[in-house]
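Here are the chains, one letter per residue:
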Amino acid sequence: MSHSVLPQLKPRDFASDQEVRWCPGCGDYAILKAIQKTLADLEVPREESVFISGIGCSSRFPYYMATYGFHTIHGRAPAVATGTKLANPDLDVWVITGDGDGLSIGGNHLVHALRRNIDLNIILFNNEIYGLTKGQVSPTSKRGTLSPTTPRGSVANPISPATMALGVGARFVARSVDINMGHLVDVLKQAHANRGTSFVEIFQNCIVFNDATFADFTDKAVAKENQLLVEHGQPLLFGVERDRGLRLDPATWTLEVVRPGVNGVTEADVLVHDETNRMLATMLAALEPPGFPMALGVLYRDPAATFDHQVLAQVEPESEGRGLADLLYGGRTWKVG
Amino acid sequence: MSTRLPVVGDDPVFSAEQPSSPRVLERAQYTVEVVSDSGEGAQSCGQILGTVSAKMGNGVWTVEIIPAEVQPPPRNPAGASGNRVRIGSGPVTNWGDRTDLIVAFNEQALLARHRLDALEPGAVILIESMWQDHDDEGIRAEWSAAMEELGAAGYRIIHVPAHEQCLALTENPYLGKNMFMLGILTELFDRDTALIGAQIRHRFRKKDESVAERSIDLLELGIAWARENLDFRVSVPPVPGDRDMVVMNGNQAVALGAVAAGMELAAMYPITPATSVSHQLGEMFERFGGIVHQAEDEIAAAGVAIGASYAGKTAFTITSGPGLALKTEFLGLAVMTETPLVLVDVQRGGPSTGLPTKVEQSDLLAAIFGQPGDAPHVVLAPATIEECFHVMVTARRIAETFRALVIVLSDANLATGVQPFPRPELDQAWIASAPDQSPVPEGKAPYAWDEQTGLSQRFIPGQPGGMFTVTGLAHDERSKVAYTSDINQWSSAMRSRKIAVLGQTLRPPSLNGDDAGDLLIVGWGSTKGAIEEAVARARDEGLSVSSLHLTFLSPLEPGLAEIFSRFQKVMTVEINYSDEPDGPFVTHQNRRRGQLSWLLRAQTLVDVDCWTRVLGEPLRPGAILEVIRSNCGAGGER
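What you see is a predicted model; the values in this text were computed from it and never measured.

## Quick notes on the sheet that holds strand E4 (residues 81-88) of chain B
Residue and element names in this part refer to chain B. Read across the sheet, 6 strands follow the order E3-E4-E2-E5-E6-E7 without closing on themselves; strand pairing throughout is mixed. A single partner strand is all that each edge strand has here, and the edge strands are strand E3 (59-65) and strand E7 (156-160). Neighbour-to-neighbour, the strand axes of the sheet open up by a mean angle of 15°, direction not taken into account. Where strand E2 (residues 29-36) meets strand E5 (residues 99-104), 4 bridges bridge the pair, whose relative direction is parallel. Within E5, the residue paired with Glu-33 across the bridge is Ile-102.

## Considerations on the interface of chain B and chain A
Taken together, the contact between chain B and chain A spans 75 residues of the former and 58 residues of the latter. Both sides together, the interface formed by chain B and chain A hides about 5400 Å², and carbon and sulfur atoms give 63% of it. The three residues of chain B that bury the most area against chain A are Arg287(B), Glu296(B) and Met467(B), which together make up 12% of that side's buried surface. Taken together, the connections running from chain B to chain A amount to 2 salt bridges. In this structure, the connection of chain B to chain A is made through 17 residue pairs in polar contact (both at pLDDT 80 or more). At the level of secondary structure, the elements contributing two or more residues to the side of chain B that touches chain A comprise helix H1 (42-55), strand E9 (244-249), helix H8 (250-260), strand E11 (291-294), helix H10 (298-310), helix H11 (321-337) and strand E17 (469-471) of chain B. The element contributing the most residues to the side of chain B that touches chain A is H10(B), with 8 residues. In terms of residue class, the side of chain B that touches chain A is built from 40 nonpolar, 21 polar and 14 charged. Bridging between strand E2 (residues 68-71) of chain A and E17(B) involves 3 bridges; their strand directions are parallel. Counterpart to Phe70(A) in the pairing with E17(B) is Val470(B).

## With respect to the pattern of salt bridges
Side chains that differ in sign of charge can pair as their charged atoms come close. Using the criterion set out here, one finds 46 salt bridges over all chains in the structure. Linking Asp119(A) and Arg195(A) is a salt bridge whose minimum nitrogen-to-oxygen distance equals 2.8 Å. On the criterion of sequence distance, the pair formed by Asp119(A) in the loop between helix H4 (107-116) and strand E4 (121-126) and Arg195(A) in the loop between helix H6 (181-193) and strand E6 (198-203) is long-range, its members being 76 residues apart. The salt bridge involving Asp231(B) is made with Arg156(B); its shortest N-O contact spans 2.9 Å. Separated by 75 residues along the polypeptide, Asp231(B) in the loop between helix H7 (209-229) and strand E8 (232-235) and Arg156(B) in strand E7 bring together distant segments of the chain. According to the relative accessible area criterion, Asp231(B) is partly exposed, its value standing at 26%. Note on Arg156(B): relative accessible area 3%, which makes it buried. Each of the salt bridges in this network shares a partner with another, and the network as a whole consists of Arg86(B), Asp97(B), Glu533(B) and Arg537(B).

## Looking at the domain arrangement of chain B
Residues and elements named next belong to chain B. In terms of domains, chain B is made up of domain 1 (7-235), domain 2 (246-422), domain 3 (436-505) and domain 4 (511-631). Taken over C-alpha atoms, the centre of domain 1 sits 36 Å from the centre of domain 4. Summed over both sides, the interface of domain 1 with domain 4 buries roughly 800 Å², with 43% coming from carbon and sulfur. Broken down residue by residue, the surface that domain 1 buries against domain 4 is led by Asn-94, Trp-95 and Asp-97, which jointly contribute 61%. On inspection of domain 1 and its partner domain 4, the count reaches 3 salt bridges. Between Glu-533 and Arg-86 there is a salt bridge, with its nearest N and O atoms 2.8 Å apart. For the interface between domain 1 and domain 4, the tally reads 10 residue pairs in polar contact (both at pLDDT 80 or more). A per-class count over the side of domain 1 that touches domain 4 returns 4 nonpolar, 3 polar and 4 charged.

## Let's talk about helix H2 (residues 107-115) of chain B
Residue and element names in this part refer to chain B. Of all 9 residues in H2, 8 are buried, a share of seventy percent or more. Among the residues making up H2, those that are buried are Glu-107, Gln-108, Ala-109, Leu-110, Leu-111, Ala-112, Arg-113 and His-114. Contact partners of the buried residues in H2: E2, E3, E4, E5, strand E6 (119-128) and helix H3 (137-153). The N-terminus of H2 is capped by Asn-106, whose side-chain oxygen sits 2.8 Å from the backbone nitrogen of Gln-108. Asp-117, located one to two residues past H2, shows a positive phi value of around 60°.

## A short note on the packing of aromatic side chains
Residues and elements named next belong to chain A. If you walk through the whole model with that rule in mind, you get 16 aromatic pairs over all chains. Judged by centre distance (5.0 Å) and plane angle (80°), the rings of Phe-203 and Phe-217 are edge-to-face. With a gap of 14 residues between them, Phe-203 in strand E6 and Phe-217 in helix H7 (residues 215-218) connect regions that are remote in the sequence. Judged by its relative accessible area of 4%, Phe-203 is buried. In this structure Phe-217 comes out as buried when scored by relative accessible area, which is 1%. Here Phe-214 and Phe-217 contribute two aromatic rings whose centre-to-centre distance is 5.8 Å and whose plane-to-plane angle is 55°, an arrangement assigned as tilted. For the pair Phe-214 and Phe-217, one class covers both residues: buried. Feature note: the residues Trp-22, Tyr-29, Phe-51, Phe-61, Tyr-63, Tyr-64, Trp-94 and Phe-125 constitute an aromatic cluster, connected by ring pairs.

How each quantity is defined
- Residues numbered from 1 in each chain as written.
- Chains lettered and ligands numbered in written order.
- Predicted model: local features only at pLDDT ≥ 70, side-chain atom pairs only at ≥ 80, totals over all residues.
- Heavy atoms only, no water.
- Pairing = 2+ DSSP bridges.
- Helix = DSSP H or I, 4+ residues; strand = E, 2+ residues; numbered from the N terminus.
- Axes fitted to C-alpha atoms, helices over the stretch in contact; angles between N-to-C directions.
- Contact = heavy atoms within 4.5 Å.
- Buried area = accessible area lost by both parts, 1.4 Å probe.
- Salt bridge = Lys/Arg side-chain N within 4 Å of Asp/Glu carboxyl O.
- Polar contact = N/O pair within 3.5 Å; in protein donor to acceptor, adjacent residues only side chain to side chain.
- Nonpolar A, V, L, I, M, F, W, Y, C, P; charged D, E, K, R; others polar.
- Buried < 20%, exposed > 50% of the residue type's maximum accessible area, 1.4 Å probe, protein only.
- Domains from an automatic or database assignment.
- Phe/Tyr/Trp six-rings, centres within 6.5 Å; stacked < 30°, edge-to-face > 60°.

Rendered as structure tokens:
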């Protein structure tokens, strides 16, 4: 059996022999398929891909991949991944995390991975709930969420993962939906192609503890109406007929929904997506139904030098320990007498 | 002990007349302290004296006197900052009991040392005299009160007009007085001025040349002042040797040892007193292909080291007690996934923030047992600064060979103490060979445990055919999650067996003193020098006492129960807390004992007593001697 690059690997070649143990109907199945298809399409060598996860439903992900994997501890996958990437920058390192893992217990590590811009693909499965521990509120749960630990409804405001990522200096921020296979694979490929920390938030349905929490923009009946699929250089239009768009209200510095051809609005008034514009990306990330569409796709991409590249550029390996001899045998050494 | 200097009280004894021929005090060893407010440079003054003395062939041990704050309020007893330098004709293994001579930049720092019982009765005090006639009435009052207290104690007090003298060369004597004081010490101890000058230039190598030049001018001013005004000199004759020596502190030794061991990544988060390891590495690690990674927190530092090790680099992390606590879960992951990891814990006082700059040996049990669940791993402790260097090679090798977590317990005493030791002869075998990246044969498992040894070959990402997911979950040989009842029992046994195998390779510890007798003192870590000096003194008094020092704490070195059986009484001496046996509510069963004592009792079933102190300073050999005197012939703990 050859273990190196096989030109015609299929998605199933990236599936391990482990039995998948997510609940029936879990959105994670679709994400698993999408990532397996992404890697197959990209023809990456399996032995050079590493999936590193924390704890939670999403973090079981590495078991199901026929690549290298490291199921670490709760929230800390970005730290382990940072070490792995620094040790071997040739590896393709993916971090699989969830809203609890990445934004609650592991928030610190996620923030610092993003601001360092180390070359990792961080995939956050956001289901707005703790699944593995049976349904407690998560840092992305909507206000009022009823859960065993908030029986009268949660009163804390949720984190917007994409907004947070933009706020701490991420250079690549994208969003997709578990069941939008084509869109998700496309986003994942772009994340993979980006050098630096690529942050992808996937809206993922937890059928058991938080079913339909994203229904207002993922339900088939409303998806087209309420999803804004952004693309660099294209006007920010959405709707079944692509008849609505986003315009900047110069009086309030906010986005507003307009209909070209109505009330004197023209196509030219609709904003064109510029993925290098952090301010625009931040405004897009904050939109949500009702009243606004959910912006999906690459919200922001503005590559910069990666942490790993810059750190390793400072390292100048010397030959075989000779330098240490110089240190020990040089100024520090003397003979007494 | 040696003869005492005459007691003269608090009047300055020097006079303008030049002593024609100063008395020379011949000493086998002599202890000096230099103390100032933080930032006035007493530490560098003491360090240079120590380093140069080592280079001249003296045995040396230095201890930093450090306040917790960077800039505590001036002239405050709690802010005393400086260095103790114990100089000997032969090797010096510890900081000794009390200081024979102290140079103080103000009377409050001096008072702090006096109140800590740091000064020998009759010690010589060289005190900056500028405060005596200070403009501030409050300061003059403080001076008078301090001098009254010190005068009553019977020291020989010599006033040094350092500030006034330095004004001849610098506008701000606060930033140069230390070099003037160093000049006095250079003259008093007949130190090689060329070596002193070279050391000063080295210290200021990153600053403008004029800084070093002015410092040397101030040094010479101090030498000249001492020549004119001091009526004594101290001679601690160096002993010529034929070995090349190096001198450094324990944190520098850890850093150089890490390089010698072929370490490739050090992940850390700033914490006293461990941080300077990373500073030392920062100056050189990149040249050896190494990386210092300052992580976002202590936990991440452990994670980065584990991630790097997982990907085939030799990695370690450095911390102190609070950081050890934070890293706990990751240590369990390293054990569970059998990812090699070295952790250096430079212990300080605890619990919680504790005594950040002071020595303690209170992390032993946390290091061995601190990880929830059964997490077999290795704990070892260097006892000298030389061992701080070599322990890194040992730790790295064990970690790689056994796919194990190795915790190295240094402490604040070793970290900042400076000592000369024979130059290590570098060995290529110390450096890890590159991990095997050849394709994994089909069917081979990532935990193909050898039933006899528990050992297995790990797979490195990038290695063809090794694509498994390692996990902190209980798992079988193929790293599959354990869903049946026997797997966890079996894999736990395999992880434990490795440590038993390592234990089998260890030699029984050697005894310092006779093989049998009334009392055996057992120690670990940085207390070795003080214990052995105390034992030597006690044996000179005719007491039947020996000592034993453990390097491996987990697994323990073999043969202990048998060795213990040859002594009437066995007790540990440690820098951690224990109840006094006769304390209120304390019973033989419930007494909380020194940490090594807990361990030895559990592992040997011998009634091992203990004597421990948590005074925020290294143990004094004289104090240990008292313990030996009162325990020789005393039998077991009662």
